[in-house]
Amino acid sequence: TQAPEGSRPVILSSHGPSTPSIVKTAAIPSYARQLAALTGPGDTVLSFMERANMVNVLAARRSGHRAVICERTRPSGEFSGLRGALMRPLIKRLYPLADTIAVNSLGVKKDLEDNFSLPEGMMTLVRNGFDLSGIAAKAALPLDGPYTAVFKRPVVITSGRLTAAKGQWHLLRSFRKVKERRKDAALVLLGSGELGGYLQGLSRELGLKTFSAPGEPPPDADVYFAGFQDNPYRFLSKASLFAFTSIWEGFPNALVEAMASGVPAVSADCSAGPREILAPDTPFELRAKKAEAVPYGILLPALSGLRRSAASGLEPEEEIWADTLSHLLADPETLGRYASEGKTRAGDFSLQAAAEEWKRLLSGPARRTSTR
């Protein structure tokens, strides 16, 4: 049901990023009781993120509301070790209690089917949507100050949190070999995260002249850790090439945002997302074994995720990445073609298209009863 005009949100949780995961998980039943007291039959509750999804389905068993939950990543990749031992059984037990599960890629859907035994009929594909006109407007803005000089060089760029899922250490290792062939090339990393210190240290151990924000970037560094940017699109649009090394994904927003900004893209062919975006007419289960030129970019072999020392030799997949990046930087015709084709493909993921999918899902009939 639609919230009354002027209504105020009800905050169930006071937890923040510093709250331990075990505390957040232990609080799920309490929050479910609070949510159940606010809802009833005829209501639909839409939730995102795993713990919120669990609160939603447990509350629905009390109140009778329709629980629509969303999975945005591959839980089998996201949850490992102790976190996995806690979260995976809960997902497997509680997700089947939902009325519908919205997934944003076929890879996420397959992960839930294969690793969590969720029936195909429960899941509906709703891809992420983007403010394409807003991205274009921000991408057209100029860079300020010293970065203007940096982007006169051949720039490989990547964006996203500096975290385990994104695999940026593989890009750093490959880029050292790129520098052997293109002395003028630069690598720019946009974003922040818990692996920032590790990645900056690795970059320096690799012998790369490394700048880390804040401060004024020098024009002659090899690698620039530019940090979080309110407008990443003005950086992306000025780069020569976008490189995306994710180890796992759900639906990679950063990849579509780069394409919408007009930068040609290469991406790891990890198990969810990139192939569906760059090569939508190929079976999504395929995996690139070498550089694969596809309609909207280039798919490269998925990376191992192993964090090897700076002194160790490149993995075979990292060698392919280094060779491909080097060749593309020397091929402006191919870069220009993929910049154009990629921007066209990004147009398929408009906010309007996503909104229509959500309307159909949320206004449709319940697929299963929420109380048991």
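In this report, the structure presented in the accompanying data block is examined. The model shown is predicted, which means the values in this text are computed figures rather than measured ones.

## Observations concerning the overall build of the protein
From N to C terminus, the protein includes 16 helices and 12 strands. Against the compact-globule benchmark of 21 Å for 372 residues, the protein has a radius of gyration of 22 Å, which places it among compact chains. With 372 residues in all, the protein has 52% of them scored as buried. Split by element, the accessible area of the protein, about 16600 Å² in all, is 54% carbon and sulfur.

## What about unusual backbone geometry?
The residue after Ala213, namely Pro214, is reached through a cis peptide bond having omega 0°. With respect to the element layout, Pro214 can be found in the loop between β7 (210-212) and β8 (223-227). The phi dihedral of Met49 is positive, around 80°, even though this residue is not glycine. Checked against the element boundaries, Met49 lands in the loop between β1 (44-48) and α3 (50-63). Of note in the backbone geometry, Ser117 takes a positive phi value of approximately 60° without being a glycine. The topology assignment puts Ser117 in the loop between α6 (106-116) and β4 (123-125).

## Things to note about the pattern of salt bridges
Any two side chains of opposite charge can pair, given that their charged atoms come close. Applying the stated criterion across every chain yields a total of 23 salt bridges. A salt bridge links Glu194 to Arg161, with the shortest nitrogen-to-oxygen separation between them at 2.7 Å. A residue pair is termed long-range when its members are at least 10 positions apart, and Glu194 in the loop between β6 (186-190) and α10 (196-205) and Arg161 in the loop between β5 (155-159) and α9 (168-181) qualify at 33 residues. Glu194 gets classed as exposed once you look at its relative accessible area, which sits at 54%. The partly exposed category is assigned to Arg161, whose relative accessible area is 47%. As a salt-bridge pair, Asp220 and Lys209 come within 2.9 Å of each other at their nearest N and O atoms. Within this pair, whereas Asp220 is found in the loop between β7 and β8, its partner Lys209 is found in the loop between α10 and β7, the two being separated by 11 residues in sequence. Residues joined in a network through salt bridges with shared partners are Lys177, Arg181, Glu319 and Asp323.

The rules behind each value
Residues numbered from 1 in each chain as written. Predicted model: local features only at pLDDT ≥ 70, side-chain atom pairs only at ≥ 80, totals over all residues. Heavy atoms only, no water. Helix = DSSP H or I, 4+ residues; strand = E, 2+ residues; numbered from the N terminus. Rg over C-alpha atoms; globule rule 2.2 N^0.38 Å. Buried < 20%, exposed > 50% of the residue type's maximum accessible area, 1.4 Å probe, protein only. Areas by Shrake-Rupley, 256 points an atom, 1.4 Å probe, with all protein chains shown as cover. Salt bridge = Lys/Arg side-chain N within 4 Å of Asp/Glu carboxyl O.

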